[in-house]
Amino acid sequence: MQTIKGQFQYAASTECCAAVLHFTEQGLVQLYAEHDNALLYEATADSYKVAEVLPGLPADLLFETGAVFSPEDHNWRWPKSRRQNLTLKLETNKSLIVLSVIAVPILIWWLTTVGLPKAATALVPWIPVSVEESIGQQSMQVFDRTLLSDSELSPELQQSIRSQWQMAVDQLQLSSGYQYQLHFRASKRLGANAFALPGGYLTITDELVKRLETQPDAILAVLLHEVGHVEHRHGMTLAAQATASTIVMSVLFSDLEGITEAVLGTGTSLVQSAFSRDMERQADYFSTQSLLKLNKSPQAFVEAMQALTKGQPKEELLPWLEYLKSHPNTKERIEKATQQTQP
Amino acid sequence: MDMHGSAASTEVASARRSTVQFSGRGAEFFGIWIVNVLLTIVTLGIYSAWAKVRTTQYFYGHTKVDGHSFRYLATPIQILKGRIIAVIIFALISVLSTFSPLFGLAAALVFLIALPWLLVQGLKFNLRMTSYRNVRFGFHGTYGSAFIYYLLLPFLCIFTLYLAMPWALKKLDHFVFSNISFGGKKFEVNTKTSNYFKAFFIALSVAIGLGIVCGVAAAIAGFSMPEPEAGVSLAILLLYVAYFGVFMLVGAVYHAMIRNHLFNSTLLPDTAELHSNLETVDLVWVTFTNMLLVLCTLGLAYPWTKVRMAALLAKATEVTVYPAADRLTDPLQQNSSAFAEQAADLFDVDFSLT
């Protein structure tokens, strides 16, 4: 028989009183009011349980009726509640806390850099090509309405680029089954640029064509880079990854607010731009390899890169800006392409 | 109501006024938090429901009003169900809207219409799961009023160039707090629109002042860079950081003033009165240093900042309790029991991810 002081709280009522609890080894519990020793409550072992215990808080006894007994000493633990206190043990275990401090950042880093991209890449092949095509088509319509306007290039020039490109695509015998479409568009905001939408919608801007007008192979190299994005299904992978990481982050850090969320968000987008740099490298490689298959020199890709960066500030000025970029360093891209010219 | 005989004058005379006590400790909560994060990652997010319950129970249990602590009654399974539903809906919507922007638009509209319901449901759930001295809180707001105060009034305020916003915010606070009940009684809220206008415009002037200071600082930093392009990106980066900082600080200024006014104008008839004397400077200081702490430790100081904030808010809050508070019963919850807590119906879940 053991006694313990505490407070007895009546069921569904704010009424309470100081009480002394007596309990036997069989789990029989008797509660007496402290001021007059009147019996307040009696319960057998199967009609109460110990509440989940939290660090620094008393281990409450919850009765079936809704009444509660709260021990005065918050370090007091009921003898038969070892299993109940497992969570408490974990949360106050110094070595587990130290382990968590080390493991949590590593796990989060692994999740964002390896786990999620891998999961996204594994998931994407399950998306049918027709779905991708409809996404590409819809996005193309949105771009046409917002960023792009009709091309001002002469029809002859368009035709010659198109036929050279078509020949290259036919010759490469791509097995993925995308119906490639090449669109010429003018866009002040995009400048000299080219992009690929899921499902094989390629767009090249007038500005870019004008810069590379005298080097048809360089235009082809740019277009093949974009084909590389489509073949590797990079657009879909990025979309799947963004959705997955939003869910993971909101589940993991549900009650972070404001600034903390902003910092985490920035961290995620840094990792994502690293991921997107890898995709660019893959597309670069696709382009140079395709040029080799077409019996052309990867030098064409180098020329395209040089023409594109003409008039832009030197990248070496702010090396840390590297981490914010979606594309790898131009110097690196040129070096890699040049390596492939001398097999 | 369960009042025993004594005259109203004696009741007032024997009222007890005390400061809210918060006994949580940063180091202690750090252990809970970091272990919970680890378990959440290892269980692929499933444990997050248990983590939420543990965290809430810790903060409730360590907050004492008149010597009694609060109790959080929700079970992890209830939270988990809500989260699973929320994640499925979110994933479905984001996947489907990439297929069709039109679907995205329709989903956004449906979400907007469902929003007041979700908010009311969230308040109902959270208050029903909060008990003090074995009596649960309740929320009695309806979808219709929630629609008016959460969506319609703020929307109409656009046409007044947001000048009527303080009034709309007052209405919203009034809606939320006057619909909270405890022991069969509803809270009475007597807030004044003028106080909301005052707080709003003070916060606005602080925002404009800080905005000018940050703008000038970013411009100076930008122009001091050797290359104009680098200068622009540096200035934009600084302004991006400043935006969040200013927003948080101005929020603290407004929150401190409104909290004092709201608490000092709120009471539970014949039972309790709330008092708040939160110094704006204190709240701004704790908010600002908390932000720096979290940033400098890459999030590891988060548990300390949470405990610091809870301690500050508790210290600034007093409650006057009348003897009637000792004999309140809940007519609706005679059978409620923390022992046999069960998921009552399908909607007895917390849909929010937070």
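Residues numbered from 1 in each chain as written. Chains lettered and ligands numbered in written order. Predicted model: local features only at pLDDT ≥ 70, side-chain atom pairs only at ≥ 80, totals over all residues.

1. Quick look at the overall build of chain B
Along chain B, the regular secondary structure elements total 11 helices and 12 strands. Contacts spanning at least 24 positions in sequence make up 69% of the contacts within chain B whose residues lie at least 6 apart. (Helix = DSSP H or I, 4+ residues; strand = E, 2+ residues; numbered from the N terminus. Contact = placed C-beta atoms within 7 Å.)

2. Some words on the confidence of the model for chain B
Residue and element names in this part refer to chain B. Chain-level pLDDT for chain B is 84 on average; 88% of the residues reach the 70-or-more range. Here residues 1-9 is modelled with pLDDT under 50, and outside its nearest four sequence neighbours on either side it reaches 7 contacts, counting other chains as well. In the predicted structure, residues 334-349 sits below a pLDDT of 50 and forms 29 contacts with residues beyond four places in sequence or in another chain. (pLDDT = per-residue confidence, 0-100.)

3. Points about the packing of helix α6 (residues 216-231) of chain A against helix α9 (residues 299-309) of chain A
Residues and elements named next belong to chain A. Look at α6 against α9: their axes get within 8 Å of each other, and the N-to-C directions meet at 90 degrees. Considering the angle they form, α6 stands roughly perpendicular to α9. Contact residues: D217, A218, L220, A221 and V222 in α6; A300, F301, E303, A304 and A307 in α9. (Axes fitted to C-alpha atoms, helices over the stretch in contact; angles between N-to-C directions. Parallel < 35°, antiparallel > 145°, perpendicular 65-115°, else oblique.)

4. Quick notes on helix α8 (residues 193-223) of chain B
With 31 residues, α8 of chain B ought to run about 45 Å at 1.5 Å a step, and its terminal C-alpha atoms sit 45 Å apart, in line with that. The elements touched by buried residues of α8 of chain B are α7 (165-178) and α9 (228-264) of chain B. (Expected span 1.5 Å × (residues − 1).)

5. Looking at the sheet that holds strand β2 (residues 21-22) of chain B
Residue and element names in this part refer to chain B. Within the open sheet, the 7 strands sit side by side as β2-β3-β4-β5-β6-β7-β8. Their pairing is antiparallel. Here the strands that pair on one side only, and so sit at the sheet edges, are β2 and β8 (185-186). Relative to strand β7 (residues 180-182), strand β6 (residues 135-139) runs antiparallel, the two being bridged by 3 bridges. Across the sheet, the residue bridging to G138 is S181, located in β7. Against the sheet, helix α3 (residues 48-61) touches β3 (63-65) and β4 (68-72), its axis set at about 165 degrees to β4. (Pairing = 2+ DSSP bridges.)

6. A word on the pairing of β6 of chain B
Residue and element names in this part refer to chain B. For β6, the tally of buried residues reaches 4 of 5 residues, placing the bulk of the element in the interior. Pairing geometry for strand β5 (residues 130-132) and β6, over 2 bridges, is antiparallel. Opposite S131, over in β6, you have R136 as the bridge partner. Hairpin connection of β5 to β6: 2 residues between the antiparallel strands, including R133 at a positive phi of 50 degrees. (Buried ≥ 20, exposed ≤ 12 C-beta atoms within 10 Å, placed from the backbone.)

7. Considering the nonpolar core
Counting residues in hydrophobic clusters, the biggest one holds 72 residues, and the most contacted among them are F63 and F69 of chain A together with W33, I34 and L38 of chain B. With 10 residues, the single largest contributor to this core is helix α2 (residues 26-42) of chain B. The residue makeup of this core includes at least three contributed by each of domain 1 (2-88) and domain 2 (120-341) of chain A. (Core = buried A, V, L, I, M, F, W, Y, C linked by C-beta atoms within 7 Å. Domains from an automatic or database assignment.)

8. A word on the sheet that holds strand β9 (residues 181-186) of chain A
All names here are of chain A. Taken in spatial order, the 4 strands of this open sheet run β8-β9-β11-β10, and their pairing is mixed. In this open sheet, the two strands that pair with only one neighbour each are β8 (149-150) and β10 (194-197). Sheet topology note: the β8/β9 ladder contains 2 bridges and is antiparallel. Along β9, the bridge assignment pairs S149 with A186.

9. Here's the deal with the pairing of strand β12 (residues 317-321) of chain B
Two faces, one strand: in a regular strand the side chains alternate between the faces of the sheet. Residues and elements named next belong to chain B. Residues T317, V319 and V321 point to one face of β12 and are all buried, whereas E318 and T320, pointing to the other face, are not buried. Two strands pair when backbone bridges link them, and strand β1 (residues 16-19) and β12 are joined in this way by 4 bridges, in the antiparallel orientation. Looking at β12, one finds that R16 is bridged to V321. Here strand β11 (residues 272-276) runs beside β12; their pairing, made up of 5 bridges, is antiparallel. When the sheet's bridge partners are listed, L274 is paired in β12 with V319.

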